[in-house]
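# Summary of structural features
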Amino acid sequence: MTMTPQQRTKMQLLLVRFVEAMTAWNWSGKTLVSYEQNVRAFFEWLEAETEIEVLTEVSPDTLASYQMALLSMTKKNGERLSVGTQHQRLTAIKSLFRFLVAEGKVRTNPTTAISLPKKRVVLPQPLISAKETIRMLDHIDTTTPMGLRDRAVVELLYASGIRNAELRALKLSDFDPHAEVMVIIAGKGNKDRVVPLGPVASTIISDYIAQARPKLAKRPNVPNLFLTKNGYALDALAVINIVKRATAKAGISKPVRPHRLRHACATHMLRGGADIRHIQKLLGHSSLQTTQIYTKVEISDLKNVHRRYHPRERGRR
């Protein structure tokens with residue numbers, strides 16, 4: 001038995017109400033899109049693989065079957081769904097049913113027994129050292145407007161640890177040269193925060209604003225701090241390429257991306273004696289556990305500590 005058009009419409013209206021609720025809760029636009037897509041995928045599976053006609057009929061067994069089905073589902077390119085994607089799909093459904101229970105649309109939450117798949121913790125790639133980072137910055141040619149922009153971008157990424165998307169969203173008004181801070185508006189999780197820059201990065205950014213940005217600002221009504229040579233706001237790939245060019249000019253063979261500079265900022269500060277909770281605030285993490293992933297020491301550091309302090313290794317060379 002398949003759903004009637006009326007039953008399908010009723011289910012879709014509940015999804016609309018869920019999206020409206022997420023909007024009212026001030027969840028980020030990215031989360032809204034992801035959750036809506038994942039719930040729609042669940043609804044499609046219900047209609048194709050079960051005889052369930054209304055959400056009140058969804059049981060823990062239904063959810064267990066769906067979780068098993070996720071293991072064999074594939075993407076358009078034929079690859080299996082990653083553990084992260086499976087996790088996202090189930091998380092969206094759990095949130096949906098919590099909402100439906102709160103709204104009185106269903107009596108019990110069938111998702112409470114779901115155990116979310118554990119995401120694999122990826123070991124960090126070789127970290128760029130402080131000396132390498134400084135060499136990379138020093139090798140950027142600042143005699144041209146584009147070069148001065150590139151230097152300001154890389155300085156900011158390393159000084160503040162901000163994300164690629166956060167940098168691209170910055171406006172001129174977000175920079176306070178006197179306080180030497182940058183205001184991040186609606187960062188990840190739709191949270192605002194203020195990040196310190198220090199005198200070096202602040203000076204470079206001020207130089208870019210005074211000397212280079214006016215030459216790049218070829219289009220009206222583009223408020224973004226960093227611009228392309230044609231006056232548009234930078235896109236994600238442009239920021240990645242700025243970092244790649246700087247890395248290549250400095251002769252650094254390690255793969256360095258904007259997020260690697262975020263990792264470097266956190267790790268270098270931790271090694272310098274900064275408290276991890278201060279780093280957590282700088283990076284804008286809601287969970288200290290997330291910060292700890294960024295600040296894992298390299299295996300070479302661990303080897304040195306092991307040789308120095310382990311009872312079986314002390315004094316050996």
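Here's a quick rundown of the structure. Quick caveat: nothing in here was measured; it's all calculated off a predicted structure. (Residues numbered from 1 in each chain as written. Predicted model: local features only at pLDDT ≥ 70, side-chain atom pairs only at ≥ 80, totals over all residues. Heavy atoms only, no water.)

## Things to note about the overall build of the chain
Within the chain, the secondary structure is distributed over 13 helices and three strands. Across the 317 residues that make up the chain, the buried fraction comes to 40%. A fraction of 56% describes how many contacts in the chain between residues 6 or more apart in sequence connect residues 24 or more apart. (Helix = DSSP H or I, 4+ residues; strand = E, 2+ residues; numbered from the N terminus. Buried < 20%, exposed > 50% of the residue type's maximum accessible area, 1.4 Å probe, protein only. Contact = heavy atoms within 4.5 Å.)

## Let's talk about the pattern of salt bridges
Under the criterion given, the structure shown has 11 salt bridges. For Arg 245, the salt bridge is made with Asp 150, and the minimal N-O distance between the two is 3.2 Å. Linking Arg 245 in helix 9 (residues 236-249) with Asp 150 in helix 6 (residues 145-160), this pair joins segments that are 95 residues apart in sequence. Accessibility expressed as a relative area gives 37% for Arg 245, which makes it partly exposed. Of the charged contacts in the structure, one is a salt bridge between Arg 163 and Glu 166, with a shortest N-O distance of 2.6 Å. Just as Arg 163 is buried, Glu 166 falls in that class too. (Salt bridge = Lys/Arg side-chain N within 4 Å of Asp/Glu carboxyl O.)

## Some thoughts on the packing of helix 6 against helix 10 (residues 258-271)
Taken N-terminus to C-terminus, the directions of helix 6 and helix 10 make an angle of 45°; their axes are 7 Å apart at the nearest point. One finds that helix 6 runs oblique with respect to helix 10. From helix 6, Val 154, Leu 157, Tyr 158, Ala 159 and Ser 160 reach across to helix 10, where they touch Pro 258, Leu 261, Ala 264, Cys 265 and His 268. By residue class, the composition of the contact of helix 6 with helix 10 is eight nonpolar, two polar and no charged. (Axes fitted to C-alpha atoms, helices over the stretch in contact; angles between N-to-C directions. Parallel < 35°, antiparallel > 145°, perpendicular 65-115°, else oblique. Nonpolar A, V, L, I, M, F, W, Y, C, P; charged D, E, K, R; others polar.)

## Things to note about the sheet that holds strand 1 (residues 175-176)
Read from one edge to the other, the open sheet built from three strands follows the order 1-2-3, with strand pairing classed as antiparallel. The open sheet has two edge strands, strand 1 and strand 3 (193-196), and neither has a second partner. Here two bridges tie strand 1 to strand 2 (residues 181-184), and the two strands are oriented antiparallel to one another. Within strand 2, the position partnered with Asp 176 by the bridge is Val 181. (Pairing = 2+ DSSP bridges.)

## Considerations on helix 3 (residues 60-72)
Residues spaced three or four apart along an α-helix point in a common direction, a consequence of the helix completing one turn every 3.6 residues. Along helix 3, the residues that are buried comprise Thr 62, Leu 63, Tyr 66, Ala 69 and Leu 70. Viewed along the axis of helix 3, the buried residues span an arc of 115°, placing them on a single side of the element. Turned more than 90 degrees from where helix 3 packs its buried face, Asp 61 and Met 68 sit exposed. In the core, the buried residues of helix 3 are packed alongside helix 2 (29-49) and helix 4 (83-102). (Arc of directions from axis to C-beta.)

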